[in-house]
Each structure stands twice: as C-alpha cells, then as structure tokens.
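# Summary of structural features
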Amino acid sequence: KRLFLIKTILKSLNEFIDEIVKSRKSEIQNIASIFLRGITNAPEVYTGIELDDQYRLHLKIKDQSTIPAWERGPSAGQSQVIAHSFIASLNKFTSKEAPIIIDTPLARLDDIHAEKIVKSYPAMGKQVIVLYQPRELDERLIASIKSHIRAEYDIKRDLVDPENSIISRRMG
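What counts, and at which threshold
- Residues numbered from 1 in each chain as written.
- Predicted model: local features only at pLDDT ≥ 70, side-chain atom pairs only at ≥ 80, totals over all residues.
- Heavy atoms only, no water.
- Buried < 20%, exposed > 50% of the residue type's maximum accessible area, 1.4 Å probe, protein only.
- Helix = DSSP H or I, 4+ residues; strand = E, 2+ residues; numbered from the N terminus.
- Pairing = 2+ DSSP bridges.
- Right-handed = clockwise from strand over helix to strand, strands pointing away.
- Axes fitted to C-alpha atoms, helices over the stretch in contact; angles between N-to-C directions.
- pLDDT = per-residue confidence, 0-100.
- Parallel < 35°, antiparallel > 145°, perpendicular 65-115°, else oblique.
- Contact = heavy atoms within 4.5 Å.
- Nonpolar A, V, L, I, M, F, W, Y, C, P; charged D, E, K, R; others polar.
- Expected span 1.5 Å × (residues − 1).
- Core = buried A, V, L, I, M, F, W, Y, C linked by side-chain atoms within 4.5 Å.
- Polar contact = N/O pair within 3.5 Å; in protein donor to acceptor, adjacent residues only side chain to side chain.
- Salt bridge = Lys/Arg side-chain N within 4 Å of Asp/Glu carboxyl O.

A word on the pairing of strand β4 (residues 100-103). Looking along a regular strand, one sees side chains alternate from face to face of the sheet. In β4, alternate side chains face the same way, and those of Ile 100 and Ile 102 are buried while those of Ile 101 and Asp 103 on the opposite face are not. Bridge analysis of β4 against strand β5 (residues 128-131) gives four bridges, and the strand direction is parallel. Paired with Ile 101 across the two strands is Ile 129, which belongs to β5. This β-α-β element, β4 to helix α4 (residues 111-124) to β5, shows right-handed connectivity.

Rendered as structure tokens:
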C-alpha cells in the first residue's frame, strides 16, 4: 500500500515538473520571438524562435514552418541576431535578472541590425555592459540610448606594462 502511494506521488511529481518545463519553454519561445521580430532585418521572413525537446533553436518562417537554425546556415550576423534574441529572452524570463555582458557586439552586423540591436539593449535587462571598439558604436548609435547609459569607460592598454590596462571614466 505504501509503495503504491509513493509511486503515485512520484508519478504525479514528474508530471508536474514536465508541465512546468513545457510552460516555461513556451514563455521563453514567446519572449525570444518578440526580440527576434524587433531586431531582424527580415521580419517578413522570420516570425519567431522555437525550441525543440533538446532546447535547440529553430526559426519560425512566415508560412508557419520551422527550420533548425543550424541547418539554415545562417550568416555570422544572422547567428548573432538569433543568439541575442535567445539570451535576452532567458534574462527576461528569470526571476532575478542577471547583468548581461556583451563583447564586440556589432562587428559582423549590417547597419540595420546594428541599430536595432543597440536600441534593444535597454529592454534586455537592468544592467547591460557593452564592450565595444570605437569603430563599432558611433556617436549616433550611442545617442539613441544615451538616456539609459549610467556610465561610460575607456579601457586602454598600459604602454609601460602591456599586461595591464588603464580604465578611465568618460565624462560628458
């Protein structure tokens, strides 16, 4: 009798866990899809992101079919847009938003994607740290999110000791 009760409880618990995972997967897909539609330069083609049972990314196409992102052979820029959407969705989904650190964010992107991604930074989380090269992020792009920037820093190699960097806060 006890064994039957324990098995029944375990079965119910596993079903409950499966249901939670499915519902959360759906929420992550929805949030990622919103980010993707907001930053893609081809919203008439890509309508969203879906996750398979192994949590691999699939692109939703306008005709409602899906294709595995790895089979599509996306360009480096398109891969970056997909990854950006997924990372943003994970951070928005968690109960406690973590800081997001983005390194060299725009090097492989065309102007349309670059502008849309920069404008999406404020929506990604409360603390987004962007490490960029000066030629990546021009003053126009910085101005588009200036009201969300708390501080800017310059990081330069120490010419006396190349193993170290000199960090200074940018005023302005």
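Text resumes after the structure shown.
Overall, antiparallel pairing links the three strands, which are arranged β1-β2-β3 in an open sheet. At either margin of the open sheet sits one strand with a lone partner, and together these are β1 (46-51) and β3 (66-68). Strand-to-strand twist in this sheet, taken as the mean axis angle between neighbours without regard to direction, amounts to 30 degrees. In terms of strand pairing, strand β2 (residues 57-61) meets β3 through three bridges, oriented antiparallel. Bridge assignment links His 58 to a residue of β3, and that residue is Pro 68.

What follows covers the confidence of the model for the protein. On average, the protein scores 85 in pLDDT, and the residues at 70 or more come to 97%. When mean pLDDT is taken per element in the protein, strand β7 (residues 165-170) scores highest with 92 and helix α2 (residues 69-72) scores lowest with 76.

Let's shift gears to the packing of helix α3 (residues 76-93) against α4. As a packed pair, α3 and α4 sit with axes 11 Å apart at the nearest point and diverge in direction by 10 degrees. What the angle tells us is that α3 and α4 run roughly parallel. Here Val 81, His 84, Ile 87, Ala 88, Asn 91 and Lys 92 of α3 lie close against α4, whose contacting residues are His 113, Ile 117, Ser 120, Tyr 121, Ala 123 and Met 124. For the contact of α3 with α4, a count of residues per class yields seven nonpolar, four polar and one charged.

With 18 residues, α3 should cover 26 Å at 1.5 Å per step; its first-to-last C-alpha distance of 26 Å lies within 8% of that length. Among the residues of α3, Gly 77, Gln 78, Gln 80, Val 81, Ile 82, His 84, Ser 85, Phe 86, Ala 88, Ser 89 and Asn 91 are the ones counted as buried.

Attention now moves to the nonpolar core. General note: in soluble globular proteins, nonpolar side chains tend to be found buried as a group. Within the largest apolar cluster, 30 residues are counted, with the highest numbers of intra-cluster contacts made by Leu 106 and Tyr 121. Every element with two or more residues in this core is listed here: α1 (2-39), β1, β2, α3, β4, α4 and α5 (139-144). Those residues in contact with Leu 106, other than ones at most four positions away along the chain, are Gln 80, Ala 114, Ile 117, Val 118, Tyr 121, Glu 136, Leu 137 and Leu 141.

This next bit is on α4. Given 3.6 residues to a turn, an α-helix orients residues that are three or four positions apart in the same direction. In this model, α4 (14 residues) spans 20 Å end to end at C-alpha, consistent with the 20 Å of a helix rising 1.5 Å per residue. By the burial criterion, the buried members of α4 are His 113, Ala 114, Ile 117, Val 118, Ser 120, Tyr 121 and Met 124. A distance of 3.0 Å separates the backbone nitrogen of Ile 112 from a side-chain oxygen at the start of α4, and that oxygen is part of Asp 110.

Positive phi outside glycine occurs at Tyr 55, with the angle close to 65 degrees. Structurally, Tyr 55 can be placed in the loop between β1 and β2. For Tyr 55, a relative accessible area of 36% corresponds to the partly exposed category. Phi at Thr 104 takes a positive value of approximately 50 degrees, unusual for a residue other than glycine.

The next subject is the pattern of salt bridges. Oppositely charged side chains can pair when the atoms bearing their charge come close. Taken as a whole and judged by the stated rule, the model has nine salt bridges. Put simply, Glu 50 and Lys 60 hold a salt bridge, and the shortest N to O gap is 4.0 Å. Remark: Lys 60 occurs in strand β2 and Glu 50 occurs in strand β1; sequence separation between them is 10 residues. Note on Glu 50: relative accessible area 29%, which makes it partly exposed. The shortest N-O distance in the salt bridge between Asp 154 and Arg 170 comes to 2.6 Å. With Asp 154 in strand β6 (residues 152-157) and Arg 170 in strand β7, the pair connects residues that are 16 residues apart, well separated along the chain.

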